[in-house]
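# Structural features, examined
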Amino acid sequence: MNDKSELLQQLKIDRNQATVATGIKLWQLILVVVICVAATIWLTLKYAVAPAGQGNLTANASISTVQNTGTNQMGKTESSAKANKTLENNSILNSSGYITARRMATVSSQAMGLITEVNVEEGMEVKQGQILARLDDAIAKVNYDYAVAQIAILQARRKSIVANLDEAKSNYQRVLKNTYSSDAERTRTFATEQSLAANLESADADLLLAKIEVKRQQEYLDDHTIRAPFGGVVTQKNAQPGEIVAPSSAGGGFTRTGICTIVDMDSLEIEVDVNESFIGRVYPGQKVEATLDAYPDWTIPASVIATIPTADRAKATVQVRIQIELNDARILPDMGVKVGFLKD
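Here goes a summary of the coordinates provided. Given the structure is predicted, the values throughout are model-derived calculations rather than measurements.

The next thing to look at is the nonpolar core. Membership of the largest hydrophobic core comes to 24 residues, with the highest contact counts inside it found for Ile99, Ile270, Ile322, Val339 and Phe341. Elements with a minimum of two residues in this core: strand 1 (91-101), strand 10 (268-275), strand 11 (287-292), strand 12 (299-312), strand 13 (317-324) and strand 14 (336-342). Per-element accounting of this core gives the leading share, 4 residues, to strand 10. Contacts of isoleucine 322, omitting those with residues within four sequence positions, involve Glu269, Ile270, Val272, Val288, Ala302, Ser303, Val304, Ile305, Val339 and Phe341. Membership of the second largest hydrophobic core comes to 17 residues, among which are Val107, Val126, Ile226 and Ile262.

In C-alpha cells form, the structure reads like this:
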C-alpha cells in the first residue's frame, strides 16, 4: 500500500511549477516578438533614407538611356519627318500606291516541246533578241530538210520541162517553114509546145509552193529557240531543262506555260488610287513627289501621265498613272510608294 501511495504521489501535477514554466515560455515569446518588431522598424528607417538617393541615380540613368535612345531614333527619322512635312506643305493631295511596269511579259514558245536549255536566272539583264531557252528541235530540223529537198527535186523537174519545151519550139518552127509538113503535123507540134509551156508554169508554181513550205518549216524550227521580246531584267524563272512547255495547256499537270518573266525597268511607273471626291485636283502633267516605303528619306520627282477614265464603284476611287522622272536600280516593281500632288 505504501508503494502504491508513493506512485500516486509521483503522478500528481505541481500547479506552481506549471505556472512558472508557462510564465517562462510566454516571456521568451514576448521577447522574440519585440526583437522582430524592433528589427523591422530599423530596416524600414534605414532603406527609407539611403536607397532614396540610389533610386534617384537609377531614375537618372534610366532617363539618360531613354534620352539617348530617343536621340538616336530622332536622328534616324528627323530627315524623314522633315521630308514628309515639306511634302505635306507643298502638296494639295496625298495618296499611296505601287510601282508597276508597263512592259512586262512571261516569255513562252508557240510550239510545244521539251526544254533542253535555259540560259537565264533571276536578276539577269537581257537584251532584245537574246536567246533565253531552247527546245528539242530534232523533228523540226527533219521537216525543214525535207522541204529543202523538195525544192531541189522541183528545180530538176523544171529544167527537164524547159529542155523539152525548147525542143518543141524548134520542131514547131521547122514544121512551119518547110512545105512538105501536113497540117496535122503542124497542129501536133504546136500542141506539144503549148503542153510543155503549161507544164513549165505548173513546175514554177510547185517550186514557189515548195519555197513557201521551206519558210514555214524555218519558222517552226525558229519557234524552238525562245528569244527575249525586249530588253529588261528577268524577275522569275519558271522552267528548267527536262520539262515540257506548252502554252495551250495552262493549268494542266507538270507542263509549263512559260520560261521566264521579263520586266522592262525603263517602263516603271506609279499607279495610285485617288478618292473620287478629290480627283478634280489631279491633271495631266502635274508635278508629283514620290517617296518609297523602303527609302523614306529619298524623294523621287514624278509627274502625272493620265487619269484612267473609269472609277472603282466598290472603293469610290479613280486610278492615276504617274511617270517616274529618273531611272534608279532601287526602284523595283510592286514596291509601296506614297505620293504628294504638288501645287501649281
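Alright, that's what it looks like, and here's the rest.
Taking strand neighbours around the barrel as the criterion, the 6 strands line up as 1-10-13-12-11-14 in a closed arrangement whose pairing is antiparallel. With direction set aside, neighbouring strand axes in the sheet form an average angle of 40 degrees. Note: strand 1 against strand 14, 7 bridges, orientation antiparallel. When the bridges of strand 14 are listed, tyrosine 98 appears paired with glycine 336.

Computed from the structure, the largest pocket encloses a volume of approximately 230 Å³. Of the residues contributing to the lining of the largest pocket, the split by class is 8 nonpolar, 2 polar and 4 charged.

Right, let's get into the pattern of salt bridges. Considering all chains together, one arrives at 11 salt bridges under this definition. Of the charged contacts, one joins glutamate 117 and arginine 134 as a salt bridge, the two residues approaching to 3.6 Å between their closest N and O atoms. Here glutamate 117, found in strand 3 (residues 113-118), pairs with arginine 134, found in strand 5 (residues 131-135); they are 17 residues apart in sequence, far enough to count as distant. On the accessibility criterion, glutamate 117 (29% relative accessible area) is partly exposed. The class of arginine 134 is partly exposed, set by a relative accessible area of 32%. One salt-bridge network, held together by shared partners, links Arg102, Glu269 and Arg321.

Cut-offs used in this document
Residues numbered from 1 in each chain as written. Predicted model: local features only at pLDDT ≥ 70, side-chain atom pairs only at ≥ 80, totals over all residues. Heavy atoms only, no water. Core = buried A, V, L, I, M, F, W, Y, C linked by side-chain atoms within 4.5 Å. Buried < 20%, exposed > 50% of the residue type's maximum accessible area, 1.4 Å probe, protein only. Helix = DSSP H or I, 4+ residues; strand = E, 2+ residues; numbered from the N terminus. Contact = heavy atoms within 4.5 Å. Pairing = 2+ DSSP bridges. Axes fitted to C-alpha atoms, helices over the stretch in contact; angles between N-to-C directions. 1 Å grid on protein atoms, 1.4 Å probe; cavity = no way out; pocket = protein on both sides within 12 Å on 5 of 7 lines; lining within 4 Å. Points joined across faces, edges and corners; volume = space filled by probe spheres on them. Nonpolar A, V, L, I, M, F, W, Y, C, P; charged D, E, K, R; others polar. Salt bridge = Lys/Arg side-chain N within 4 Å of Asp/Glu carboxyl O.

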